[in-house]
Amino acid sequence: MKLNCLFSKEQISRRVKELARQITRDYSNSNELFILCVLNGSIFFAADLLRELKIPCMLNCIKAKSYEGSDPAESVNISYGSDINVEGKDVLIVEDIVDTGITLKALMDLYQTHNPRSVKVCAFLDKKSRRRSDVEVDYAGFEIGDQFVVGYGMDYNGKYRELPYIGYIYSE
């Protein structure tokens, strides 16, 4: 198994700043943006994004899982954060990657029942080629093909999260 760089630390930094400017502009009339960081993979992205936002926001974390290793599961396990009160708030779900869309659909369905003012999605990576659920990403860092990626918070069986870049795994 080998690892190649897909997006450098500099490319990531530049794109996060662009996304933050767009989100700041779009939510400039919001009283307070409520950010839901999907653990564990999006923690690096969410932290960098929040530091670049120029609007008031609140942060909370949620834990949802629909993968075992590199294989998608059919169900979503939401083990933390399902009881967060988002009533009347502008909600931005921050994901590391939207792949099949199964996790994101479950989260959107859950938080829509809590009567938010709005619910949008910001994903660092958007892998549209593997969608199995009808979900849209409102703010996407990069669109990628069907590669298994690691780094910048994303892992393969708990490894590679610490990489400051996005790499993809391949075999020779």
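As the structure is a prediction and not an experimental result, all values here were calculated from the model.

## Some remarks on the sheet that holds strand S8 (residues 149-150)
Judged by pairing direction, the sheet is antiparallel, and its 3 strands sit side by side in the order S1-S9-S8 without closing on themselves. At either end of the open sheet lies a strand with only one pairing partner, and these are strand S1 (2-7) and S8.

## A few points about the pattern of salt bridges
The final tally for this structure, using the stated rule, is 10 salt bridges. Arginine 15 is the partner of glutamate 18 in a salt bridge, and the nearest nitrogen-oxygen pair spans 3.0 Å. Here the residue glutamate 18 and the residue arginine 15 both occupy positions in helix H1 (residues 9-26), the gap between them amounting to 3 residues, near one helical turn. Residue glutamate 18 is classed as partly exposed on the basis of its relative accessible area of 33%. What makes arginine 15 buried here is its relative accessible area of 18%. Here aspartate 109 makes a salt bridge to lysine 105, at a shortest N to O gap of 3.1 Å. Highlighted residues: aspartate 109 and lysine 105, both in helix H3 (residues 102-112), separated by 4 residues, approximately one helical turn. The class for aspartate 109 is partly exposed, based on a relative accessible area of 39%. Note on lysine 105: relative accessible area 32%, which makes it partly exposed. One continuous salt-bridge network, built from bridges that share partners, spans Asp99, Lys127, Arg130 and Asp146.

## What to know about the pairing of strand S9 (residues 166-170)
Strand direction decides the pairing type here: S1 and S9, joined by 5 bridges, are antiparallel. Within S9, the residue paired with lysine 2 across the bridge is tyrosine 170. Pairing geometry for S8 and S9, over 2 bridges, is antiparallel. Paired with valine 149 across the bridge in S9 is tyrosine 168.

## A short note on the packing of H1 against helix H2 (residues 43-52)
Where H1 meets H2, the axes come as close as 9 Å, and the angle between the chain directions of the two elements is 55°. Compared by their axis directions, H1 and H2 come out oblique. Relative to H2, H1 is oriented so that their crossing is right-handed. Packed against H1, whose contacting residues are Val16, Lys17, Leu19, Ala20 and Ile23, the element H2 presents Phe45, Asp48, Leu49 and Glu52 at the interface. Broken down by class, the residue content of the contact of H1 with H2 amounts to 6 nonpolar, no polar and 3 charged.

## Looking at the packing of aromatic side chains
Taken as a whole and assessed by the stated rule, the structure comprises 7 aromatic pairs. For the pair phenylalanine 44 and tyrosine 152, a centre-to-centre distance of 6.3 Å together with 80° between the ring planes defines the contact as edge-to-face. Taken together, the residues span a long stretch of sequence, with phenylalanine 44 in helix H2 and tyrosine 152 in the loop between S8 and S9 at a distance of 108 residues. By relative accessible area, which is 34% here, phenylalanine 44 ends up partly exposed. Note on phenylalanine 148 and tyrosine 156: the rings are 5.5 Å apart at their centroids and 80° apart in plane angle, and the pair reads as edge-to-face.

Definitions and limits used
- Residues numbered from 1 in each chain as written.
- Predicted model: local features only at pLDDT ≥ 70, side-chain atom pairs only at ≥ 80, totals over all residues.
- Heavy atoms only, no water.
- Pairing = 2+ DSSP bridges.
- Helix = DSSP H or I, 4+ residues; strand = E, 2+ residues; numbered from the N terminus.
- Salt bridge = Lys/Arg side-chain N within 4 Å of Asp/Glu carboxyl O.
- Buried < 20%, exposed > 50% of the residue type's maximum accessible area, 1.4 Å probe, protein only.
- Axes fitted to C-alpha atoms, helices over the stretch in contact; angles between N-to-C directions.
- Parallel < 35°, antiparallel > 145°, perpendicular 65-115°, else oblique.
- Left-handed = near helix turned anticlockwise from the far one by under 90°.
- Contact = heavy atoms within 4.5 Å.
- Nonpolar A, V, L, I, M, F, W, Y, C, P; charged D, E, K, R; others polar.
- Phe/Tyr/Trp six-rings, centres within 6.5 Å; stacked < 30°, edge-to-face > 60°.

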